[in-house]
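What follows is the residue order along each chain.
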Amino acid sequence: MTRVKISSVFVFFSALPALAFFCVLVAEPSAFELQSGATKKELKNLQTTNKNLENIAIDYNTRIQTLEQSQEGLQSVIEGQSLRIKNLLDLANGQEMRIKTLESNLDSASATISELQAQVKSLTTKLNEVSALNAKANSEILKKLESIDSTAQSKASQQKAGQPKADEAKVADSKSGEPSAAKSADDAPASEFPKEFKHLPKKEVYEQAQKLYRQKGFEAASERYKWLAEGEYKSAFCYYMLGEIAYKQAKYKEAIIFFKRSVAIDSEASYMPVVLWHTAWSFKYTKDTQNYEKFLDLLIGSYPDSEQGKKAKNLKNQTKKETK
């Protein structure tokens, strides 16, 4: 609408010079009028007016051109702003899509977290149940060991008479898959270790005991384990190792006492299946069949997936087949 108006004005003012010229021609004085001074003055005024009108027309024409240029500039600005607005709208739409995607991912993550929380809760419940069962089993183990402790001590003087012969131990072991626990001589070279060790750091004495045990220097290793256990340095493990040494030396009743002390300090140690397995066989070798069966059952019930638990289960199944 604005462009139409400006164009009309432009046409109008463009026609002003021609109109002025026409007016001059129409008002051209006659020969008589040309002779009068007044007519010349009027003619001069008309020329001046015509000149002024031309100047006005030129001025308006210049202004119109300026307005047209301004309009074109404004049009370019408007187009640029429109493009920017379009880009901003596209960016806003993209951000909105991202927000929707993030909200969807958040909902999915929340569902996953809820599932994991439910699983953790279920596992926690099962873990508590297993811990309760282990605690109960460990309590039963301690009770059984305590019940036989007094008997073992009272019959310490009869230990030799109650020991099975090495041949009997070998026969029992060959049926069960348990390595022979017959007496082994302390024939390992222990000369590299000083006899006096109590002035050494406990860690160094512990390392000596471990090395001596691996070299089958049981007597020297036993002295160190006893000293460490009494000094409360890895006491549970040291009593366990003393039990293992006694077991390998076929001192079964002594082994049972050491195993009991180890369990009393730490009943959840990783070597508990070995403790139960060797305790059961210690009873077997001392002809205490009742406690032998009880400790096999305890081992199967408390540590069914352990190597010793599986051996005990196979042994019980084998015994059942033989009795049928």
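Bear in mind that the values here come from a model prediction, so they are computed numbers and not experimental data.

Student: If you had to explain the pattern of salt bridges to someone new, which residues and values would you point to?
Tutor: Side-chain pairs of opposite charge can arise where the charged atoms are in close proximity. As enumerated under the stated definition, the model contains 6 salt bridges in all. Asp90 is paired through a salt bridge with Lys86; the nearest N and O atoms lie 3.3 Å apart. Taken as a pair, Asp90 and Lys86 lie in helix H4 (residues 37-154) at a separation of 4 residues, close to a single helical turn. For Asp90, a relative accessible area of 41% translates into the label partly exposed. Residue Lys316 is joined to Asp297 by a salt bridge in which the shortest nitrogen-to-oxygen separation is 3.1 Å. In this pair, Lys316 sits in helix H13 (residues 307-323) while Asp297 sits in helix H12 (residues 289-302), placing the two residues 19 residues apart along the sequence. In this structure, a network of salt bridges that share partners links the residues Glu293, Asp297 and Lys316.

Student: Give a description of the side chain of Ser306 that names residues and reports values.
Tutor: Position of Ser306 among the secondary structure elements: in the loop between H12 and H13. The contacts of Ser306, once residues within four sequence positions are left out, are Pro273 and Leu299.

Student: Before we move on, can you summarise the nonpolar core with the specific residues and values?
Tutor: Among the nonpolar cores identified, the biggest contains 49 residues, and Tyr213, Tyr225, Tyr240, Trp277, Trp281, Tyr292 and Leu296 are the most heavily contacted of them. Counting only elements with at least two residues in this core, the list comes to helix H7 (202-214), helix H8 (218-230), helix H9 (235-248), helix H10 (252-265), helix H11 (272-285), H12 and H13. Among all residues touching Tyr240, those that are not within four sequence positions of it are Phe259, Ser262, Tyr271, Val274 and Val275.

Student: Quick rundown of the side chain of Ser282? Include the residues and the values.
Tutor: With respect to the helices, strands and loops of the structure, Ser282 is situated in helix H11. A residue is classified by how much of its surface remains accessible, and Ser282, at 0% relative accessible area, is buried. If we skip the residues at most four places from it in the chain, Ser282 touches Tyr247, Tyr252, Ala255 and Ile256.

Student: Which residues make up the packing of H10 against H11, and what values do they have?
Tutor: Where H10 contacts H11, the axes come no closer than 9 Å and their chain directions differ by 150°. Regarding the angle of H10 to H11, the classification is roughly antiparallel. Every pair of crossing elements has a handedness; the one defined by H10 and H11 is left-handed. Every residue of H11 that contacts H10 at Tyr252, Ala255, Ile256, Phe259 and Val263 is listed here: Met272, Val275, His278, Thr279, Ser282, Phe283 and Tyr285. A breakdown of the residues in the contact of H10 with H11 according to their chemical character gives 9 nonpolar, 3 polar and no charged.

Student: Describe in detail the packing of aromatic side chains, supporting the description with residues and values.
Tutor: Using the criterion set out here, one finds 16 aromatic pairs in the structure. For the ring pair Trp277 and Trp281, a centre distance of 5.9 Å and an interplane angle of 70° mean the geometry is edge-to-face. Linking Trp277 with Trp281, this pair stays in helix H11, spanning 4 residues, or about one helical turn. Each member of the pair, Trp277 as well as Trp281, is classed as buried.

Student: Explain the confidence of the model for the chain to me, and be specific about the residues and the numbers.
Tutor: For the chain, per-residue confidence averages 77 on the pLDDT scale, and 66% of positions sit at 70 or higher. Confidence, expressed as mean pLDDT per element, reaches its minimum in the chain at helix H6 (residues 166-176) with 43 and its maximum at H9 with 95. This stretch, residues 159-176, has a pLDDT under 50; its non-local contacts, to residues over four places away or in other chains, come to 25 contacts. This model gives residues 179-189 a pLDDT under 50, and the stretch forms 30 contacts once residues within four places in sequence are excluded.

Student: Talk me through the packing of H8 against H9; I want residue IDs and the actual numbers.
Tutor: Close contact between H8 and H9 brings their axes to 9 Å; oriented N to C, the two are set at 150°. In terms of axis orientation, H8 runs roughly antiparallel to H9. Every pair of crossing elements has a handedness; the one defined by H8 and H9 is left-handed. Residues Phe218, Ala221, Ser222, Tyr225, Lys226, Leu228 and Ala229 of H8 lie in contact with H9, whose contacting residues are Ser235, Cys238, Tyr239, Met241, Leu242, Ile245 and Lys248. Taken together, the residues of the contact of H8 with H9 break down into 10 nonpolar, 2 polar and 2 charged.

Student: Describe H12, and please don't skip the residues or the numbers.
Tutor: Helix length check: H12 (14 residues) gives 20 Å between terminal C-alpha atoms against 20 Å at 1.5 Å per residue, within 8%. Taken as a whole, H12 has its buried residues at Asn291, Tyr292, Phe295, Leu296, Leu298, Leu299 and Ser302. One side of H12 holds all its buried residues, which, seen down the axis, span an arc of 160°. Among the exposed residues of H12, those oriented more than 90 degrees off its buried face are Gln290 and Gly301.

Student: Would you mind going over unusual backbone geometry in detail, with residue names and values included?
Tutor: Only a minority of non-glycine residues have a phi that is not negative, and only a minority of peptide bonds are not trans. You will see that Lys216, though not glycine, has its phi angle at about 65°, which is positive. Within the element layout of this structure, Lys216 appears in the loop between H7 and H8. A positive phi is found at Glu232, a non-glycine position, where the angle reads about 60°. Residue position: Glu232 is located in the loop between H8 and H9. By relative accessible area, which is 70% here, Glu232 ends up exposed.

Reading the values: the criteria
- Residues numbered from 1 in each chain as written.
- Predicted model: local features only at pLDDT ≥ 70, side-chain atom pairs only at ≥ 80, totals over all residues.
- Heavy atoms only, no water.
- Salt bridge = Lys/Arg side-chain N within 4 Å of Asp/Glu carboxyl O.
- Helix = DSSP H or I, 4+ residues; strand = E, 2+ residues; numbered from the N terminus.
- Buried < 20%, exposed > 50% of the residue type's maximum accessible area, 1.4 Å probe, protein only.
- Contact = heavy atoms within 4.5 Å.
- Core = buried A, V, L, I, M, F, W, Y, C linked by side-chain atoms within 4.5 Å.
- Axes fitted to C-alpha atoms, helices over the stretch in contact; angles between N-to-C directions.
- Parallel < 35°, antiparallel > 145°, perpendicular 65-115°, else oblique.
- Left-handed = near helix turned anticlockwise from the far one by under 90°.
- Nonpolar A, V, L, I, M, F, W, Y, C, P; charged D, E, K, R; others polar.
- Phe/Tyr/Trp six-rings, centres within 6.5 Å; stacked < 30°, edge-to-face > 60°.
- pLDDT = per-residue confidence, 0-100.
- Expected span 1.5 Å × (residues − 1).
- Arc of directions from axis to C-beta.

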